[in-house]
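# Examining the three-dimensional arrangement
So the chains spell out like this:
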Amino acid sequence: MEYVKLGNSDLNVSRICLGCMGFGEAAAGQHRWTLDEENSNEIIKAALENGINFFDTAMSYQGGTSEMFVGRVLRDFARREDVVLATKFEPRTDEEIANDVTGQQHVKNCLDASLKRLGMDYVDLYICHMWDYRTPIEEIMEGLNDAVKAGKVRAIGISNCYAWQLAQANYYARMHGMAEFVSVQGHYNLIFREEEREMAPFCKAENIAMTPYSALAAGRLSRHPGESSKRLEEDNYAKFKYDKTAETDGVIIDRVAELAEKRGCTMTEIALAWLLTKVASPICGATNLSHITGLVNAVELRLTADEIAYLEEPYVPHALVGVMAQNHG
């Protein structure tokens with residue numbers, strides 16, 4: 001495993017971050033394909049054994065049960081100082097707004113609830129899950145800065161935003177001597193490359209780490225056409241994101257399969273090796289032990305410039321999908 005400094009922070013993270021959305025009680029949240037605690041533990045332990053030290057969860061994953069599963073297994077099988085744990089908080093609710101709960105108080109309430117579920121005193125990276133259009137960004141940044149000063153958070157990040165929003169937030173923090181976002185978690189993979197327009201160059205200029213989610217497009221970049229899985233069959237949200245562009249995306253997926261055969265490796269390794277040339281640490285889910293092997297092997301795979309160009313050449317512009325299409329002012 002290789003490690004990298006996470007943007008302008010002091011956090012040393014593995015080049016692969018284990019995404020924990022697939023862990024949690026299936027009846028407790030949005031997804032029905034998630035793993036129970038015993039199987040989640042096996043995956044997380046295998047990740048630790050293979051040098052992965054970076055784990056990403058969220059308060060919204062399966063009604064908070066993902067945080068509970070992850071917290072328990074990390075407490076049992078890792079030293080706290082050896083892992084980098086990220087979790088995320090949601091925008092203010094209608095009820096909070098009606099009751100005049102400020103952005104600062106909202107951040108504190110969400111963080112304290114997550115720490116309780118995790119069974120931990122602090123998180124290494126606390127992430128704003130999406131831009132909160134109904135709360136002044138000044139309040140969010142002040143709440144996050146308070147959390148850093150209190151020792152409950154080591155660094156802060158943001159997910160699902162535009163480059164101008166990230167710039168606005170960090171500009172405010174910089175002007176007031178507050179903690180700035182050190183990472184951004186956007187939707188980015190070989191078949192969805194819209195982050196390359198403004199976010200990627202901005203992050204490069206500011207040394208902000210990109211830690212994209214959906215690194216394998218919910219499994220589409222890791223399986224040959226016709227192959228399936230429980231998630232591919234049941235993840236309706238992923239279908240919403242990718243089904244409309246399946247024909248044009250299929251050309252790229254075919255090239256991933258072609259290169260994998262030529263290299264004698266998996267499609268996962270090809271797709272991730274490409275992404276690792278662009279970002280600090282992609283967030284990758286795993287729902288069986290074999291997935292961990294593919295994630296780790298991808299770090300060692302080096303693509304040639306010609307192979308990278310071959311994978312990129314068929315891409316056509318995509319409309320925004322998922323959170324970025326749904327969350328707006």
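Let us look at the structure shown here. Just so you know, these numbers come straight off a predicted model, no measurement behind them.

Calculation notes
Residues numbered from 1 in each chain as written. Predicted model: local features only at pLDDT ≥ 70, side-chain atom pairs only at ≥ 80, totals over all residues. Heavy atoms only, no water. Helix = DSSP H or I, 4+ residues; strand = E, 2+ residues; numbered from the N terminus. Rg over C-alpha atoms; globule rule 2.2 N^0.38 Å. Areas by Shrake-Rupley, 256 points an atom, 1.4 Å probe, with all protein chains shown as cover. Lys, Arg positive; Asp, Glu negative; His and termini not counted. Charge placed at Lys NZ, Arg CZ, Asp CG, Glu CD. Buried < 20%, exposed > 50% of the residue type's maximum accessible area, 1.4 Å probe, protein only. Arc of directions from axis to C-beta. Contact = heavy atoms within 4.5 Å. Polar contact = N/O pair within 3.5 Å; in protein donor to acceptor, adjacent residues only side chain to side chain. Patch = residues over 30% accessible without salt bridge, like charges linked within 9 Å, V, L, I, M, F, W, Y side chains within 5 Å. Salt bridge = Lys/Arg side-chain N within 4 Å of Asp/Glu carboxyl O.

Here we take up the overall build of the chain. Counting its secondary structure elements, the chain contains 14 helices and 10 strands. Against the compact-globule benchmark of 20 Å for 329 residues, the chain has a radius of gyration of 19 Å, which places it among compact chains. When the backbone C-alpha atoms are referred to their principal axes, the chain occupies close to 55 × 40 × 35 Å. Taken as a whole, the chain presents about 14,300 Å² of accessible surface, with 50% of it coming from carbon and sulfur. Side-chain charges of the chain comprise 33 positive and 48 negative groups, with the mean position of each set lying 1 Å from the other.

So, about helix 13 (residues 305-312). Restricting attention to buried positions, one finds in helix 13 the residues Glu307, Ile308, Leu311 and Glu312. Projected onto a plane normal to the axis of helix 13, the buried residues spread over an arc of 130 degrees and lie on a single side. The exposed residues of helix 13 that point more than 90 degrees off its buried face are Ala305 and Asp306. Against the buried residues of helix 13 lie helix 10 (246-263) and helix 11 (267-276).

Let us look at unusual backbone geometry. The backbone of Asn160 shows a phi angle near 50 degrees, a positive value even though the residue is not glycine. Checked against the element boundaries, Asn160 lands in the loop between strand 7 (153-159) and helix 6 (163-175). You will see that Ala218, though not glycine, has its phi angle at about 55 degrees, which is positive. Checked against the element boundaries, Ala218 lands in the loop between strand 9 (209-210) and helix 8 (230-234).

A separate point is the side chain of Arg80. Mapped onto the elements, Arg80 comes out in the loop between helix 2 (65-77) and strand 5 (84-89). Polar contacts involving the side chain of Arg80 include one to the main-chain carbonyl oxygen of Val83, which spans 3.3 Å. With residues near it in sequence (within four places) discarded, Arg80 still touches Leu85, Met120, Tyr122, Val123 and Asp124.

Mapped onto the secondary structure, Ser159 falls in strand 7. Of note is the side chain of Ser159, whose polar atom sits 3.1 Å from the side chain of Asn160. Apart from the residues within four sequence positions on either side, Ser159 is in contact with Ile127, Cys128, His129, Met130, Trp131, Gln185 and Tyr213.

Our next topic: helix 12 (residues 289-300). Inspection of helix 12 places Ile292, Gly294, Leu295, Val296, Ala298 and Val299 among the buried residues, and these make up the whole buried set. Buried positions along helix 12 lie against strand 3 (17-19), helix 1 (37-49), helix 11 and strand 10 (283-285).

A surface patch of nonpolar side chains, about 390 Å² in accessible area, is lined by Tyr133, Tyr162, Trp164 and Leu320. Following the sequence through the fold, Leu320 ends up in the loop between helix 13 and helix 14 (323-326).

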